[in-house]
Amino acid sequence: MNLLIKKNKNIRPIKFIKNYIKFNKSSVLIESGNTKVICNASIEKKIPKFLKNKKSGWLRVEYSMLPYSTSIRNTREIFKGKQSGRTIEIQRLISRILRMSIDLKKLDNKSTIIVDCDVIQADGGTRTASVNGSSVALYILLKKLYNQKKIENNPFKNLVAGISIGKKNDKLFCDMNYKEDSSTEIDVNIFMNEKNEIIEIQGTSEKKPISKKNFFHILELAEKNIPLIINAQKKILEKI
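A brief report on the enclosed structure follows. Owing to the predicted nature of the structure, the values given are computational and were not obtained by experimental measurement. (Residues numbered from 1 in each chain as written. Predicted model: local features only at pLDDT ≥ 70, side-chain atom pairs only at ≥ 80, totals over all residues. Heavy atoms only, no water.)

A few words now on the environment of Arg127. In this structure, Arg127 sits in helix H3 (residues 126–147). Along the chain, Arg127 and Thr87 lie 40 residues apart, while their C-alpha atoms are 10.0 Å from each other. With sequence-adjacent residues up to four places away left out, Arg127 is seen in contact with Arg86, Glu89, Ile90, Leu93, Ile94, Asn189, Phe191 and Gln202. (Helix = DSSP H or I, 4+ residues; strand = E, 2+ residues; numbered from the N terminus. Contact = heavy atoms within 4.5 Å.)

Here is the structure:
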């Protein structure tokens, strides 16, 4: 019976800094190990055409990795003339997850929430860190708008968070840095809400398939560690 041996490792140190950007009070810097992402949430009076007469607001995400967020300078995608497939995929992922944390029907049907995720330093887990920081920024934005009576109802439902888990040599690596992530046999990102409900799972097996039994070990590790991230989110939001 080939059972995975869980690596004895907790999540990397996680830190949230509120009001990181002077001109946007719904701004959060998240530090997850050596990965750092600035997350800003804002709102505009505009919705996509497909939502016309749907009585619903919208939420979209813009994600980018800044030059020198990695050891080799990233060329800004605007100079390439288009976004990369990776950027588009991550934007859609974060958007889907954050939409699950709010009730779009309670949002003004002429409003779109925009969440900007700018990676300033990447050491693995940029998409999970972006979700973890954006959930805090989104909470701050909506509570501020509600308290200022700029929205009639607060549509926020649940905090959401994610974690990356990989496998190498029958060991599981939780909340991987770049070195760990680049050498694993499988790579799984799991996202859950504060009710411990699964929102999305992304998984790739790069060298050999993973058994159902071993996948349950991965899920168990996520269920153990994601609440630690959500507790950190709640702590920074205590005084909001």
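With respect to the helices, strands and loops of the structure, Asp123 is situated in the loop between strand S6 (112–121) and H3. At 4.2 Å, Arg12 is the nearest oppositely charged side chain to Asp123, a buried residue that forms no salt bridge. Of note is the side chain of Asp123, whose polar atom sits 3.2 Å from the backbone nitrogen of Tyr178. Non-local contacts of Asp123, meaning those with residues more than four positions away in its chain, are made with Arg12, Asn34, Thr35, Met176, Asn177 and Tyr178. (Buried < 20%, exposed > 50% of the residue type's maximum accessible area, 1.4 Å probe, protein only. Lys, Arg positive; Asp, Glu negative; His and termini not counted. Salt bridge = Lys/Arg side-chain N within 4 Å of Asp/Glu carboxyl O. Polar contact = N/O pair within 3.5 Å; in protein donor to acceptor, adjacent residues only side chain to side chain.)

What follows concerns the pattern of salt bridges. Enumeration according to the criterion identifies seven salt bridges in this entry. Close ionic contact of Glu89 with Arg127 constitutes a salt bridge, the shortest N to O distance being 2.9 Å. Of this pair, Glu89 sits in helix H2 (residues 85–99) while Arg127 sits in helix H3, placing them 38 residues apart in sequence. The shortest N-O distance in the salt bridge between Glu194 and Lys234 comes to 3.4 Å. With Glu194 in the loop between strand S9 (186–193) and strand S10 (198–205) and Lys234 in helix H5 (residues 212–236), this pair connects stretches of sequence that are 40 residues apart. A relative accessible area of 38% means that Lys234 is categorised as partly exposed.

Paired through their backbone hydrogen bonds, the strands of a sheet run either parallel or antiparallel. The strand order S2-S3-S4-S6-S5 describes an open sheet built from five strands, whose pairing is mixed. Edge positions in the sheet fall to strand S2 (14–18) and strand S5 (58–65), since each of these pairs with one other strand and no more. Between one strand and the next, the sheet's axes are offset by a mean angle of 20 degrees, whatever the strand orientation. Two elements, S2 and strand S3 (residues 27–32), share five bridges in a ladder whose sense is antiparallel. Its bridge partner lying in S3, Lys18 is registered against Val28. Docked against the sheet, H2 engages S5 and S6, running at close to 140 degrees with respect to S5. (Pairing = 2+ DSSP bridges. Axes fitted to C-alpha atoms, helices over the stretch in contact; angles between N-to-C directions.)

A word on the packing of H3 against H5. Two quantities define a packed helix pair, namely the angle between the helix axes and the distance between the axes. Viewed as axis vectors pointing N to C, H3 and H5 meet at an angle of 30 degrees, and their least axial separation amounts to 10 Å. Regarding the angle of H3 to H5, the classification is roughly parallel. Judged by the sense of rotation from one axis to the other, the crossing of H3 with H5 is right-handed. Every residue of H5 that contacts H3 at Asn132, Ser135 and Val136 is listed here: Ile229, Gln233 and Ile236. Of the residues in the contact of H3 with H5, the class split is three nonpolar, three polar and no charged. (Parallel < 35°, antiparallel > 145°, perpendicular 65-115°, else oblique. Left-handed = near helix turned anticlockwise from the far one by under 90°. Nonpolar A, V, L, I, M, F, W, Y, C, P; charged D, E, K, R; others polar.)

Positioned with a positive phi, Lys55 is a non-glycine residue whose angle comes to about 55 degrees. In this structure, Lys55 sits in the loop between strand S4 (35–44) and S5. Residue Lys55 is classed as exposed on the basis of its relative accessible area, which comes to 63%.

In this model, H2 (15 residues) spans 21 Å end to end at C-alpha, consistent with the 21 Å of a helix rising 1.5 Å per residue. Among all positions in H2, only Thr87, Ile90, Gln91, Leu93, Ile94, Ser95, Ile97 and Leu98 are buried. (Expected span 1.5 Å × (residues − 1).)

Our next topic: the packing of aromatic side chains. In this description, a pair of aromatic rings is defined by centroid distance and the angle of the planes. Considering all chains together, one arrives at three aromatic pairs under this definition. Between the aromatic rings of Phe50 and Trp58, the centroid separation amounts to 5.2 Å while the plane-to-plane angle is 90 degrees, which identifies the pairing as edge-to-face. Centre to centre, the rings of Phe215 and Phe216 are 6.4 Å apart; their planes meet at 55 degrees, and the pair counts as tilted. For Phe216, a relative accessible area of 47% puts it in the partly exposed group. (Phe/Tyr/Trp six-rings, centres within 6.5 Å; stacked < 30°, edge-to-face > 60°.)

Before going further, it helps to spend a moment on the layout of surface pockets. Roughly 950 Å³ of volume is contained in the largest pocket. Lining the largest pocket are 38 residues, with Tyr63, Met65, Arg86, Thr87 and Thr126 sitting closest to its centre. Contributions of two or more residues to the lining of the largest pocket are made by S5, helix H1 (77–80), H2, H3, helix H4 (178–181), S9 and S10. (1 Å grid on protein atoms, 1.4 Å probe; cavity = no way out; pocket = protein on both sides within 12 Å on 5 of 7 lines; lining within 4 Å. Points joined across faces, edges and corners; volume = space filled by probe spheres on them.)

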